[in-house]
Amino acid sequence: MERIELQKKAYDSDLAALLERQAAQRPRDTAYVFLEDGEREAGRLSYSELDQRARGVARRLLQTARPGDRALLMYPNGIEFLVAFFGCLYAGIAAVPAYPPQLDRRRRSQRFQRLISILKDAEPALALTTRDVLDKRASLVEQAPAFATPTWIATEDLAAEKPGGALVDEAYGWDRIAYLQYTSGSTSSPKGVMVSHGNLMTNFLELTFGVDMREGDAMVTWLPAFHDMGLIFGMLLPLFNGIPCYLMAPENFVQQPVRWLRALSRYGGTHAAAPNFALDLCVDRVDEAELETLDLSTWRVLLNGAEPLKISSIERFTARFAACGFPGNGVVPGYGLAEATLGVSIRHPEDPLTVVSLDPEALEQGGVVEEADSAYRLVGCGWTRIGTRIRIVDPESHRPCPPNTVGEIWLAGETVAHGYWQRPEQTREKFQARVRDARDQAPYLRTGDLGFISDGALFITGRADDLIIVHGRNLYPQDLEITAESSHEALRAGRSAAFAVEREGEPRVGLVMELTQEAVHQRDDAAILRAVRAAVADQHEVDLEAVALISPGAIPVTSSGKIQRQQCRRDYLEGRLDNVCIGKPRSDDSAQTGRDQSPKADPAVSERVEAWFCERLAREMGVTPSQVDVTAPLRELGLGSTRLVSMLGELEAVVTTRLPPSLLFDYPSVRELADYIGGMSDESVVPENAPVAAVENQSNAIAVVGMACRLPGAETPDELWQRLLGGEECLRDMPRERWDTERYYHPDPETPGTTNVRRAGFLDDVEGFDAAFFGISPKEAASMDPHQRLALELAWAALEDAGKTGPGLAGSRTGVYAGVSAWDFSLMAYQRAEAVGAYSATGSAHSM
């Protein structure tokens, strides 16, 4: 803590004062250079130019908003974002970094809706952006009326101001909120982390020490400005240290990864940062001819973070670019999160890489046991240097974990942010946790990440939210993903998601995996699925509910490129995957023929046992009995040994002889097992009715193949079921935009024109109706009853859930039957003459 206090005195009180100092001390030095297409210089700012342009923006902002308001920043990576960001700091307005909105329907489902969520949560007074985005404002408002609330400003059109003092006194201060960093949303809806100037200045010091940044260094970054690592490490840390920053757009890097390496080579870059997928992308996409053009000898630090570290990615990258001058210890692992501003722990470049080999079985039980021959290797993320306290805590009991034990990572110190914007309950739960330790009563941040400390270094084992627990075993999704990705050449490395699902109350594992571009048009789906299931069953002994093969680039990711495992899970459960193939290994009915029985086997008994097993396996796998390959090894069917042994026990109740579990290894296929049982002693009798009863065939039966709902607190049937199971209340206080509760509330329910309740159930984003998708004009959509909009959306959602939205639906004998008995919208509309129009009769729900 002494170092932090010295830092407060020695450095600037806030980020605005920092820019003022740099502009005064080194006015002509290069601060930022933007590389258009990742190659050509398209913008350059000195510290003085940035200072003056930011002041021009601040002057304009204060004509519309007040210090303490929020401003939504919708920019691509580039000079204009930086000018707007520092303009907000000078005006004392909290910036809300985001990305430019996209209007195409595919992006609306993820990026667009997330942007709307941020807009509604932050309630910004201003929307700052470029001219191009400003020109789309009318279309954006039509898509989402929330865009109409803030005042829009294109900062490119604002003139620079001369240097001078603070524009507003209250803009400055160590504890003042500098900006809202919205979380990526990989496991939940985005929340605005309140990052103060003090948080930033302290974290700058941590990062500077951690990555050994010095005078004369240079940063080269492609990370997005709206992500914490891209903004703080990539863009603001260079300004703190007075070194130039060369930046490009993320899409330019992904399109040609060599562009990033060329920029590092051309400008003598010393520092950069990237997650694992970027390292793998460089190794896979940079060819030998391009390698010969690179000089990476000035590159000292590549901060590796933002997702669980993979030693294989680090080793591949280091080996690949060693010939270009990249140092053997240049990849610097680190750990951090937005709630702690950014960096928590970093391995110093001069320290050796810390890698431990662990016993995976002990780790599944929460123990840390080193095992020299183990293939399970973890990379250490270094340690903190400026007083941040790291505790490993049992997430249930809140007691400190003993040494060599995995627990939740808790943090305390000056880098921990102030909490979540307008979410006091979640702030208390997340930022004010208390360790059950009489000697330590400080409030702690619960990171939700799991790890342990060994020899002073922090190791991350996974995320608590993503943790998969199967029969008491803790399975880390990244372990399952690596195993599955390595099983077949048609699968893309680093582009899969494993997650927990349940069927009939039993824990299972789902996998969503991207195919390589080459495999999309020429592949053997059955072979890929068999390879994945065999590898996962062999190495992890788990039940796979399903494996979904999807097109390249289709897997949901966060703004920083992290795989959204929970979004993948929701997409799988709700049938919204853009899948090429989904299911289990299947075979033709011909696989059932060609029996080569043991001469002692009773054919009738063997056939009945085989039928029983096929029926039972089909239930587990979600296929028909004829699709079970009776000649394939049982392990290739994707079921763990626990599940198979359990089935053998069920079969034991049918036959009259004990069936030891070793039979599964001695007779590893359904056919071999059936033939063995059929050849057992005469005492083994399988009754004629032994097979599991088939579904009753009734000509007038109704099959529910797709469902959809939209209720307060439940957007899908699965969410509704979870709410019912948990007994959760979905009522909330009346939103201000609906009506003034105090104005209409009266405790006497008989009082005319009043209500005696303060809470009710409300649907979110009702105004987000996509009229163009249904072929409805904007004018007609404005007259539609919200019930009718919901009916259209839910009808389509139910068809999607059933997988019936393909081109074959048009013109088919398909009907949508709905009953609606409410007409209050039309009654309200007819009370206003100006609301009556051509669509008044067709736009009300009661006319359906």
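Computed from a predicted structure; not experimentally measured.

Caption draft 1: Region of the structure containing empty space enclosed by the protein. Using the criterion set out here, one finds one cavity of 30 Å³ or more in the structure. Empty space within the largest cavity amounts to approximately 40 Å³. Looking at the largest cavity, it is lined by 10 residues, and the ones nearest its centre are Leu89, Gly92, Ile93, Ile177 and His197. Looking at the lining of the largest cavity, the elements that each hand over two or more residues are helix H4 (79–91) and strand E7 (177–182). Among the residues making up the lining of the largest cavity, the classes are represented as seven nonpolar, two polar and one charged.

Caption draft 2: Representation of the sheet that holds strand E19 (residues 445–454) within the structure. The strand order across the open sheet formed by four strands is E17-E18-E19-E20, and the pairing between neighbours is antiparallel. Edge strands, defined here as strands with exactly one partner in the open sheet, are strand E17 (389–393) and strand E20 (457–463). Direction aside, neighbouring strands of the sheet carry axes that sit 50° apart on average. Sheet analysis places E19 next to E20, joined by six bridges and oriented antiparallel. Bridge pairing in E20 links Phe452 to Phe459. Each of E19 and E20 is contacted by helix H16 (residues 424–431), which is oriented at about 15° to E19, the strand it contacts most.

Caption draft 3: Just the confidence of the model for the protein, in detail. Per-residue pLDDT for the protein averages 82, and the proportion of residues at 70 or more is 81%. Segment residues 105–109: pLDDT under 50, and 12 contacts once partners within four positions in sequence are set aside and those in other chains are kept. The low-confidence segment residues 584–599, where pLDDT is below 50, has 45 contacts with residues more than four positions distant or belonging to other chains.

Caption draft 4: Molecular detail of the environment of Leu450. Here Leu450 is to be found in strand E19. In this structure the C-alpha to C-alpha distance between Leu450 and Thr461, which are 11 residues apart in sequence, comes to 5.6 Å.

Caption draft 5: How the structure looks around the nonpolar core. One finds Tyr32, Phe85, Phe86, Trp260 and Phe321 to be the most contacted residues of the largest nonpolar core, which totals 122 residues. When residues of this core are assigned to their parent elements, the largest contribution, 11 residues, is made by H4. Setting aside anything within four residues of it in sequence, one finds Tyr32 in contact with Gly43, Arg44, Leu45, Leu50, Ile79, Leu82, Phe86, Met235, Leu236, Leu239, Cys245 and Leu247.

Caption draft 6: Expanded view of the pattern of salt bridges. Evaluated as defined, the whole model comprises 33 salt bridges. Here Glu36 ties to Arg40 by a salt bridge, and the two come within 1.8 Å at their closest N and O atoms. Residue Arg40 is classed as partly exposed on the basis of its relative accessible area of 49%. Here Arg262 ties to Glu290 by a salt bridge, and the two come within 4.0 Å at their closest N and O atoms. Here Glu290 lies in helix H13 (residues 288–291) and Arg262 lies in helix H11 (residues 258–267), a separation of 28 residues in the sequence. The exposure class of Arg262 is partly exposed, given its relative accessible area of 28%. Linked by salt bridges that have partners in common, Glu39, Arg259, Arg262, Arg266 and Glu290 make up one network.

Caption draft 7: Spotlight on the packing of helix H2 (residues 15–25) against helix H9 (residues 228–241). Closest axis-to-axis distance for the H2/H9 pair is 9 Å, and the angle between their directions is 50°. Comparing the axis directions of H2 and H9 gives the class oblique. Considering the relative orientation of H2 and H9, their crossing is left-handed. Across the interface between the two elements, Leu15, Leu18, Leu19 and Gln22 from H2 touch Leu236, Leu239, Phe240 and Asn241 from H9. Its residues placed into classes, the contact of H2 with H9 shows six nonpolar, two polar and no charged.

Reading guide: rules and limits
- Residues numbered from 1 in each chain as written.
- Predicted model: local features only at pLDDT ≥ 70, side-chain atom pairs only at ≥ 80, totals over all residues.
- Heavy atoms only, no water.
- 1 Å grid on protein atoms, 1.4 Å probe; cavity = no way out; pocket = protein on both sides within 12 Å on 5 of 7 lines; lining within 4 Å.
- Points joined across faces, edges and corners; volume = space filled by probe spheres on them.
- Helix = DSSP H or I, 4+ residues; strand = E, 2+ residues; numbered from the N terminus.
- Nonpolar A, V, L, I, M, F, W, Y, C, P; charged D, E, K, R; others polar.
- Pairing = 2+ DSSP bridges.
- Axes fitted to C-alpha atoms, helices over the stretch in contact; angles between N-to-C directions.
- Contact = heavy atoms within 4.5 Å.
- pLDDT = per-residue confidence, 0-100.
- Core = buried A, V, L, I, M, F, W, Y, C linked by side-chain atoms within 4.5 Å.
- Buried < 20%, exposed > 50% of the residue type's maximum accessible area, 1.4 Å probe, protein only.
- Salt bridge = Lys/Arg side-chain N within 4 Å of Asp/Glu carboxyl O.
- Parallel < 35°, antiparallel > 145°, perpendicular 65-115°, else oblique.
- Left-handed = near helix turned anticlockwise from the far one by under 90°.

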